[in-house]
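Close look at the chain arrangement
Here's the letter readout for the chains.
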Amino acid sequence: MAFEPSDSGSRSTADQFSGYPDLKKRWLYIMPVVFVTYSLAYVDRANYGFGAAAGLADSLKITSAQSALLGSLFFLGYFVFQIPGAAYARKRSARLLIGLALASWGILASLTGVITQYWVLAIDRFLLGAAESFILPGMLILLTKWFTKSERSRTNTLLILGNPVTVLWMSAVTGYIIKAFGWQMTFVIEGLPSVLWGIIWFLVIRDSPEKTSWVSKESTTKLSEVLEREQASLPKVANLSSAYTNPNVILLCLQYFLWSVGVYGFVLWLPVMIKGGSSQGIGMTGLLSAIPYACAIILMLLVSYFSDRTAKRTRFVWPFLILAGAAFFGSYLTAGQSFWISFAFLILAGGAMYAPYGPFFAIIPEMLPSNVSGEVTALVNSLGALGSFAGSYFVGWLQGYTGNSKAGYLLMSIALTLAGLLILPLKAEPHRTEAPIPAEHAVVE
């Protein structure tokens, strides 16, 4: 039976926090800043595809294989520092880690448009990935200290919506910025806002409600009680070694690796696919590239709402990934016959493969306690980074080698279909019924 979180003792957030109106401020103070921060990170990783479509390889006099490697080196840096970053965020401060990362990746992203030597640019792209590697696990750890299980899919979705929303507006705007200023200056223009946003981050965000002035002591106590009850209902895990060898965790790592092959093959090379298939200018290429992400936004919001409402997770993940795989296969079959039919399949594929992110990242903290769930999330996301490297490199390489997008569509179709099938065997861990927490059950951070 696929994993689904226990419903024991669960109540709606409104019921749990009736009489504590200041807890509603969490959605107004925390989530907009979290959303913008992740959005800025996504600008600085997704705009590479536009630079590639605008002639980056020709300007730097590098081959298509070298261009594909530059795009994918980001994900090697992203892979290496995930787990150390998550450990620091859990034990010390997610706020400090992410604030420093904001400034770092803004500078490194801007340098992408300044550096002209290939090997220096390769180092820069690797370091950019390292700086951004702290963002997702750090954010997810931060949100577990502010929001409960019945809110988790929605908060995860509002975080990760920074991905398709950013690519939506960036796809519509970046093509015209490149047309006006060139691809080099575009990297500078889109990188510097992250440095400035770091000031807002430090002013607004705190690591937990206890460190704020806008949540009352009574509300903080109530929220802590609910979070502690949720932790007490989870099976105890002694250490990270036990967690990393959990069959569920291994399965999630493999599944997310394959999922990320499809996602980042799509994100980095969609502009190139559209420009090559439609023979449109860079401005129209950007507008067309935005459409799949508009579909993704709608589906992500709907899926997260129903996942939280039903307290179910995996049944909102696997069907969409298999649908995305089928849609990419449709693009593979029609790419050489009709661009517009193939593009319609791409719209469906893009929306479907983004839809399950909120429920997916709710699985781990509802399966494992907080002393290991942050690092396990980082491990899963690290394998996703390797999948992202593979997807961005091989889809880009296949594009350059074959001169068209068909082989890339087929690769993404296979990867996403397997990702959907792999989550079906996920087994549930036994859950204890929620009860008042004795002192000895308090979670040790």
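Residues numbered from 1 in each chain as written. Predicted model: local features only at pLDDT ≥ 70, side-chain atom pairs only at ≥ 80, totals over all residues. Heavy atoms only, no water.

1. As for the overall build of the chain
Note the cut-off: The helix count covers DSSP runs of H or I at least four residues long, the strand count covers runs of E at least two residues long, and both are numbered beginning at the N terminus. Residue contacts follow a heavy-atom distance rule, with two residues in contact if any of their heavy atoms lie within 4.5 Å. Note on areas: these come from Shrake-Rupley sampling with a 1.4 Å probe, and a residue is covered only by the protein chains present in the view.
A tally of regular secondary structure across the chain gives 20 helices and zero strands. Taking the intrachain contacts of the chain between residues at least 6 apart in sequence as the baseline, contacts between residues at least 24 apart amount to 86%. Surface summary for the chain: the accessible area is close to 16800 Å², and the carbon and sulfur share equals 68%.

2. Thoughts on the nonpolar core
We apply this condition: Note on terminology: a nonpolar core comprises buried Ala, Val, Leu, Ile, Met, Phe, Trp, Tyr and Cys residues joined through side-chain atoms within 4.5 Å. Partly exposed describes any residue whose relative accessible area lies between the buried limit of under 20% and the exposed limit of over 50%, with all areas from a 1.4 Å probe on protein chains only and scaled to the type maximum.
Core analysis: the biggest nonpolar cluster contains 100 residues, and W259 and F360 have the highest contact counts within it. Setting aside its immediate chain neighbours within four residues, F360 contacts L252, Q255, Y256, W259, V317, V380 and I423. Of all hydrophobic cores here, the second largest spans 17 residues; its members include F50, A57, A122 and I178.

3. Considering unusual backbone geometry
Look at A311: it is not a glycine, yet its phi comes out positive at around 60 degrees. Counting through the fold element by element, A311 comes out in the loop between α15 (282-310) and α16 (318-334). On the accessibility criterion, A311 (17% relative accessible area) is buried.

4. Some remarks on the environment of I298
By secondary structure assignment, the location of I298 is in helix α15. With relative accessibility at 55%, the residue I298 sits in the exposed group. Once the C-alpha coordinates of I298 and Y354 are considered, the two residues, 56 residues apart in sequence, prove to be 10.0 Å apart.

5. What about empty space enclosed by the protein?
What counts here: Cavities and pockets are found on a 1 Å grid laid over the protein atoms alone: a cavity is a set of points where a 1.4 Å probe fits but cannot escape, a pocket is an open set with protein on both sides within 12 Å along at least five of seven lines, and a lining residue has an atom within 4 Å of such a point. Grid points are joined across faces, edges and corners, and a volume is the space filled by probe spheres set on the points.
As enumerated under the stated definition, the model contains one cavity of 30 Å³ or more in all. Its boundaries defined by the atoms lining it, the largest cavity holds a volume of some 110 Å³. In terms of lining residues, the largest cavity is bounded by 17 residues, among which Y38, Y78, Y256, Y264 and N381 are the most central. Breaking the lining of the largest cavity down by element, the ones donating at least two residues are α2 (25-46), α5 (64-80), α14 (247-278), α18 (357-363) and α19 (370-402).

6. Remarks on the packing of aromatic side chains
Condition: The criterion for an aromatic pair is that two Phe, Tyr or Trp rings (for Trp, the six-membered ring) have centres within 6.5 Å, with stacked assigned to planes under 30 degrees apart, edge-to-face to planes over 60 apart and tilted to the rest.
In total, this model carries 16 aromatic pairs according to the counting rule given. With a centroid separation of 6.3 Å and 5 degrees between ring planes, the pair formed by Y357 and F361 is classed as stacked. Remark: F361 and Y357 occur in helix α18; sequence separation between them is four residues, near one turn of the helix. In this structure, Y357 and F361 share a single accessibility class: buried. Measuring from centroid to centroid gives 5.2 Å for F360 and F361, while their planes differ by 85 degrees, and the two rings are edge-to-face.

7. A look at the pattern of salt bridges
Put simply, the rule reads: Any Lys or Arg side-chain nitrogen located within 4 Å of an Asp or Glu carboxyl oxygen qualifies as a salt bridge.
Counted under the stated rule, the structure contains seven salt bridges. Note that E366 and R152 form a salt bridge whose closest N and O atoms lie 3.9 Å from each other. In this pair, E366 sits in the loop between α18 and α19 while R152 sits in helix α9 (residues 152-160), placing the two residues 214 residues apart along the sequence. The two residues E366 and R152 agree in class, both being buried. Of the charged contacts, one joins D308 and R313 as a salt bridge, the two residues approaching to 3.0 Å between their closest N and O atoms. Of the two residues, D308 and R313, neither departs from the other in class, the shared state being buried. What emerges from the salt-bridge pattern is a single network uniting R152, R154, E230, D308, R313 and E366.

8. Regarding the environment of W146
Tracing the backbone shows W146 in the loop between α8 (135-144) and α9. The class of W146 is buried, set by a relative accessible area of 0%. Each C-alpha atom, one on W146 and one on L223, is 7.9 Å from the other, the two residues being 77 residues apart in sequence. Look past the residues within four positions of W146 in its chain and what remains in contact with it is R26, I30, R206, D207, S208, P209, T212, W214, V215 and L223.

9. Considerations on helix α17 (residues 339-354)
Test applied: Multiplying one less than the number of residues by 1.5 Å gives the expected span of a helix.
Between its first and last C-alpha atoms α17 spans 23 Å; for 16 residues at 1.5 Å apiece the expected length is 22 Å, and the two agree. Of all the residues in α17, the buried ones are F339, S342, F343, L346, A349, G350, G351, A352, M353 and Y354.

10. Considering a nonpolar patch on the surface
Definition in use: Exposure above 30% relative accessible area and the lack of any salt bridge qualify a residue for a patch; like charges then connect within 9 Å, and the nonpolar side chains Val, Leu, Ile, Met, Phe, Trp and Tyr within 5 Å.
Nonpolar side chains collect at one region of the surface, where W318, I414, L418, L421 and L424 lie side by side and expose about 420 Å² of accessible area between them. The partly exposed category is assigned to W318, whose relative accessible area is 31%.

11. Section: the packing of α8 against α9
This is how it is decided: Axis geometry follows a simple rule: fit a line to the C-alpha atoms, using only the stretch in contact for helices, then measure angles between N-to-C directions, giving values from 0 to 180 degrees. The crossing is said to be left-handed when, going from far helix to near helix, the turn is anticlockwise and less than a right angle, and right-handed when the turn is clockwise. Note on residue classes: Ala, Val, Leu, Ile, Met, Phe, Trp, Tyr, Cys and Pro are nonpolar, Asp, Glu, Lys and Arg are charged, and everything else, Gly too, is polar.
In the contact formed by α8 and α9, the axes pass within 11 Å of each other and the chain directions differ by 145 degrees. The element α8 and its partner α9 pack so that their crossing is right-handed. Seen from α8, the contacting residues are L136, M139, L140, L143 and T144; seen from α9, they are R152, T155, N156, L159 and I160. When grouped by side-chain class, the residues that make up the contact of α8 with α9 number six nonpolar, three polar and one charged.

12. Structural notes on the packing of helix α6 (residues 82-111) against helix α7 (residues 118-132)
To be explicit about the condition: By definition in this entry, angles of less than 35 degrees are roughly parallel, angles greater than 145 are roughly antiparallel, angles of 65 to 115 are roughly perpendicular, and the rest are oblique.
Contact geometry of α6 with α7 gives a least axis separation of 9 Å together with a crossing angle of 160 degrees. By the angle class used here, α6 and α7 are roughly antiparallel. You can see that α6 and α7 cross each other, and the crossing is left-handed. Residue-level inspection shows A101, S104, W105, L108, A109 and L111 of α6 in contact with α7, the latter providing D124, L127, L128, A131 and E132. Among the residues forming the contact of α6 with α7, the class breakdown is eight nonpolar, one polar and two charged.

13. Details of the confidence of the model for the chain
We apply this condition: Scored between 0 and 100, pLDDT is the confidence that the predictor attaches to each residue.
This prediction gives the chain a mean pLDDT of 81; 85% of its residues lie at or above 70. Segment residues 429-445: pLDDT under 50, and 36 contacts once partners within four positions in sequence are set aside and those in other chains are kept.

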